[in-house]
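Residues per chain, in single letters:
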Amino acid sequence: MPQYGGSARADLARFAKTVEDLGADSLWVGDRLITAVQPSVGYAGSDTIPEQFRTGLDPFVALAVAAAVTSRVRLGSSVFVAPWYPPVQLGRQLTALDVVSNGRLLPGFGIGWSPEEFQAAGAPFRRRGAQLDELLDALHALWTTNPVAHDGERWSIPPSWVDLKPVQQPPPIYLASFTAAGLRRIGARGDGWLPAVNVPGGVFPEMLDRQRRIIDDAARAAGRDPSAIHTYLRVNVAEGTPIERVAEAVRTLAAAGYPDAFVDLMYVAADTDEHLRWAERLLAA
């Protein structure tokens, strides 16, 4: 979805409806809170944070707009930064999105990387993996039990009636990680995996296969079927990249066993029309 930089003021409704009509299968949002002037940790291993992140549209609003004007595409997040959100409020928002979209939500979660964003959210930066695990436990309770109760290290929910439940029982949990511990978490409790590649220069199916083996081993150790853990692959497109290079990368990944991909156009498209031109040509290719 157009969401960052100049795209934050895009016509989301027109984009979502048109892209669905063009044949896309899913629409995705990201989650950025602030952009620190002097970041202690940069983005994706760098010392800086992209200027595009200084202007960002709320991901829940973007998904709600897309849900209202579409009927078929799945609606995903890559990713909600789990520790920023109290589980009751987050569960209510995600339940509403799943209900109004008639069960099309694909909630993806991660642990974040920016200490300044955690400070702004009032969330502790330490033990982010443990916070993610607890949040997932609380969401599962909110979505599948009634009355709901949770007593955890960071959050607690007194026994409460929560009658509105998602259409999907429960929505599938997608997780993004490239560390061994995070990949094992996906195998142990995730319904899906959200890896990423960079175009040009970063499409390495053998690296994805190595990470996938860690997931599959963890799934088997937990008594789960590895084949039930689905993959949506994020394709980050660098500024100046031709559409043909992106299409070639998507075809390469599909041939390697990763047929479901979504493409981040943040650096190459700056308004609704440019996003739509990219989407139409890419889907046609």
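Residues numbered from 1 in each chain as written. Predicted model: local features only at pLDDT ≥ 70, side-chain atom pairs only at ≥ 80, totals over all residues. Heavy atoms only, no water.

Novice: What exactly am I supposed to notice about the overall build of the protein here?
Specialist: Within the protein, the secondary structure is distributed over nine helices and 13 strands. With respect to the principal axes defined by its C-alpha atoms, the protein has extents near 55 × 40 × 40 Å. By residue count, 49% of the 285 residues in the protein fall in the buried class. Taking contacts inside the protein between residues at least 6 apart in sequence as the whole, the part at least 24 apart equals 73%. (Helix = DSSP H or I, 4+ residues; strand = E, 2+ residues; numbered from the N terminus. Buried < 20%, exposed > 50% of the residue type's maximum accessible area, 1.4 Å probe, protein only. Contact = heavy atoms within 4.5 Å.)

Novice: Looking at this structure, I do not really get the layout of surface pockets. What am I missing?
Specialist: Where empty space is left becomes clear once a probe the size of a water molecule has been rolled over the atoms. The calculated volume of the second largest pocket comes to roughly 190 Å³. Lining the second largest pocket are 16 residues, and of these Asp31, Arg32, Leu33, Asp58 and Pro59 lie nearest its centre. Residues of the lining of the second largest pocket, tallied by class, amount to nine nonpolar, three polar and four charged. (1 Å grid on protein atoms, 1.4 Å probe; cavity = no way out; pocket = protein on both sides within 12 Å on 5 of 7 lines; lining within 4 Å. Points joined across faces, edges and corners; volume = space filled by probe spheres on them. Nonpolar A, V, L, I, M, F, W, Y, C, P; charged D, E, K, R; others polar.)

Novice: Could you clarify how one ought to interpret helix α6 (residues 180-189) in this entry?
Specialist: Helical periodicity: at 3.6 residues per turn, an α-helix aligns residues three or four positions apart in one direction. Those residues of α6 that sit buried are Gly182, Leu183, Arg185, Ile186 and Gly187. Lining the buried residues of α6 we find α5 (128-144), β8 (174-175), β9 (192-193) and α7 (205-221).

Novice: Is there a simple way to think about the sheet that holds strand β13 (residues 261-264) in this case?
Specialist: To summarise the sheet geometry, strands pair through backbone hydrogen bonds and adopt either a parallel or an antiparallel arrangement. Sheet architecture is open: three strands sit in the order β10-β12-β13, paired in parallel fashion. Single-partner strands in this sheet number two, and they are β10 (196-199) and β13. Geometrically, the sheet is characterised by an average inter-axis angle of 25° between neighbouring strands, direction not taken into account. Examined bridge by bridge, β10 and strand β12 (residues 233-237) share four bridges and lie parallel to one another. Residue pairing across strands places Ala196 opposite Arg234, the latter belonging to β12. (Pairing = 2+ DSSP bridges. Axes fitted to C-alpha atoms, helices over the stretch in contact; angles between N-to-C directions.)

Novice: What is the right way to read the nonpolar core from this model?
Specialist: Note that soluble globular proteins tend to have their nonpolar side chains buried in a common cluster. Counting residues in hydrophobic clusters, the biggest one holds 65 residues, and the most contacted among them are Met1, Leu27, Leu90, Leu94 and Phe109. Considering each element in turn, this core owes the most residues, eight residues, to α5. Core analysis: the second largest hydrophobic core is formed by seven residues, Trp28, Val79, Leu194 and Tyr232 among them. (Core = buried A, V, L, I, M, F, W, Y, C linked by side-chain atoms within 4.5 Å.)

Novice: Explain the UniProt feature "domain: Luciferase-like" (unreviewed entry) in the protein here, please?
Specialist: Residues annotated by UniProt as "domain: Luciferase-like" (unreviewed entry) correspond here to residues 7-256. With 40% helix and 16% strand, the stretch residues 7-256 has end C-alpha atoms that lie 32 Å from each other. (UniProt positions renumbered as here; feature names shortened; annotations may be inferred.)

Novice: Which parts of the structure should I look at to understand unusual backbone geometry?
Specialist: Apart from glycine, the bulk of residues carry a negative phi angle, and the bulk of peptide bonds sit in the trans form. The step from Gln169 to Pro170 runs through a cis peptide bond, and the omega angle for that step is -10°. One can find Pro170 in the loop between β7 (156-160) and β8. In the Ramachandran plot, Ala44 falls in the positive-phi region, its phi being about 55° despite a non-glycine side chain. Position of Ala44 among the secondary structure elements: in the loop between β1 (26-29) and α2 (59-69). Overall, the relative accessible area of 70% leaves Ala44 in the exposed class.

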